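Structural description and commentary
Each chain, letter by letter, is given below.
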Amino acid sequence: MIQETAATETRFVRPLRSFSVQLSSTPRGARLARLLATEQLRAWDVPLDPARHLVAELAANAATHGRVGGRDFRLTLDVVANTLRIEVTDTCGDLLPRPQEPVPDSESGRGLVLVEALTDRWGVTRGPHPRKTVWAELHLSPEHDRTDFGDRGALPKEPREGKDPTEPHPTCPPASARPHPGE
């Protein structure tokens, strides 16, 4: 389910772990986003799948559909309590992603359908102009609600039905609303 949120959220919970990198809006930048995210998740001892698939899809979308010549995109990973939040911010804020029914013989057009299937929640946050942030959240097992990240965690096995996607969640504000070094 796609959700659009305001650029600033009222509640702020400081991430236990945070990683952010700015990359070129190219296929190489999208690939590097996936590789860097994989290594960061491994260092945090957070399950790699489906997170790396989500990073790959969101980064590829930013490099393909959100590309503006001479401008980069930003990948941000945050772990807050037992939630991994993946954010990809690009500078094409006028073009919002929408899942579409894929054409059977098409080689593309299934990315956001996959994002929707793999996440617990996802959506788009506009701003500041000309940016937009596409974000996805994955709930981790309860042992990730700690600061040492010593034990291997896993994604929950519970069914996703019955969860209210509009229910407030104690996540940090989107990366686009937080100051970044050098800006």
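Further up the page is the structure itself.
Presented here is a report on the structure given in the accompanying data block. What you see is a predicted model; the values in this text were computed from it and never measured.

Another aspect to go through is the overall build of the chain. Across its full length, the chain holds three helices and six strands. Traced from its N-terminal end to its C-terminal end, the chain shows the element sequence β-β-α-α-β-β-α-β-β. By sequence separation, contacts in the chain at least 24 residues apart represent 72% of the contacts at least 6 residues apart. Surface summary for the chain: the accessible area is close to 9,800 Å², and the carbon and sulfur share equals 53%.

In this model helix H2 (residues 51-64) runs 20 Å from its N-terminal to its C-terminal C-alpha over 14 residues, within 8% of the 20 Å that 1.5 Å per residue would give. Those residues of H2 not exposed but buried are Ala51, Leu54, Val55, Leu58, Ala59, Asn61, Ala62 and Ala63. Where H2 is buried, its residues contact helix H1 (27-44), strand S3 (72-80), strand S4 (83-90), helix H3 (111-118) and strand S6 (132-139).

Let's shift gears to the packing of aromatic side chains. For the coordinates displayed, the defined rule picks out zero aromatic pairs. Here the basic side chain of Arg85 rests over the ring of Trp135, its NZ or CZ set 4.5 Å away from the ring centre.

So, about the pattern of salt bridges. Any two side chains of opposite charge can pair, on the condition that their charged atoms come close. A full pass over the atoms with the stated rule returns six salt bridges. A salt bridge links Arg85 to Glu87; the shortest N-O distance between them is 2.6 Å. We note that Arg85, like Glu87, is buried. One salt bridge in this structure joins Glu137 and Arg85, with 2.8 Å as the shortest N-O distance. Linking Glu137 in strand S6 with Arg85 in strand S4, this pair joins segments that are 52 residues apart in sequence. Here Arg85 falls in the buried class, since its relative accessible area comes to 2%.

This part takes up H3. Those residues of H3 that sit buried are Gly111, Leu112 and Val115. All buried residues of H3 project into a common sector of 90 degrees when viewed along the axis, lining one side. Those residues of H3 hidden inside the fold are in contact with H2 and strand S5 (121-126).

All right, on to the packing of H2 against H3 then. Each packed pair of helices is defined by two parameters, the angle between the axes and the distance between the axes. The contact between H2 and H3 brings their axes to 10 Å, and the two run at 145 degrees. Pair H2 / H3 crosses with left-handed handedness. Residues His53, Leu54, Glu57, Leu58 and Asn61 of H2 pack against Gly111, Leu112, Val115 and Leu118 of H3. The residue makeup of the contact of H2 with H3, split by class, is five nonpolar, three polar and one charged.

For Asp72, the position within the fold is in strand S3. The partly exposed category is assigned to Asp72, whose relative accessible area is 32%. Distance from Asp72 to Ser25, taken between C-alpha atoms, is 5.0 Å for residues 47 residues apart in sequence. Among residues more than four places away in sequence, those in contact with Asp72 are Gln22, Leu23, Ser24, Ser25 and Thr91.

Residues Leu32, Leu35 and Leu36 make up a contiguous nonpolar surface patch of roughly 200 Å² in combined accessible area. Locating Leu36 in the fold gives a position in helix H1. Judged by relative accessible area, Leu36 falls into the partly exposed class, the value being 30%.

All right, on to the nonpolar core then. The biggest cluster of nonpolar side chains holds 33 residues, and the ones touching the most others in it are Leu41, Leu75, Leu77, Leu84 and Ile86. If you list the elements that add at least two residues to this core, you get strand S2 (17-24), H1, H2, S3, S4, H3, S5 and S6. It is H2 that provides the largest number of residues to this core, a total of seven residues. With near-sequence residues (within four places) excluded, Leu75 lies in contact with Phe19, Ser20, Val21, Ala33, Ala37, Val55, Ile86, Glu87 and Val88.

The rules we used
Residues numbered from 1 in each chain as written. Predicted model: local features only at pLDDT ≥ 70, side-chain atom pairs only at ≥ 80, totals over all residues. Heavy atoms only, no water. Helix = DSSP H or I, 4+ residues; strand = E, 2+ residues; numbered from the N terminus. Contact = heavy atoms within 4.5 Å. Areas by Shrake-Rupley, 256 points an atom, 1.4 Å probe, with all protein chains shown as cover. Expected span 1.5 Å × (residues − 1). Buried < 20%, exposed > 50% of the residue type's maximum accessible area, 1.4 Å probe, protein only. Phe/Tyr/Trp six-rings, centres within 6.5 Å; stacked < 30°, edge-to-face > 60°. Lys NZ or Arg CZ within 6 Å of the ring centre and 35° of its normal. Salt bridge = Lys/Arg side-chain N within 4 Å of Asp/Glu carboxyl O. Arc of directions from axis to C-beta. Axes fitted to C-alpha atoms, helices over the stretch in contact; angles between N-to-C directions. Left-handed = near helix turned anticlockwise from the far one by under 90°. Nonpolar A, V, L, I, M, F, W, Y, C, P; charged D, E, K, R; others polar. Patch = residues over 30% accessible without salt bridge, like charges linked within 9 Å, V, L, I, M, F, W, Y side chains within 5 Å. Core = buried A, V, L, I, M, F, W, Y, C linked by side-chain atoms within 4.5 Å.

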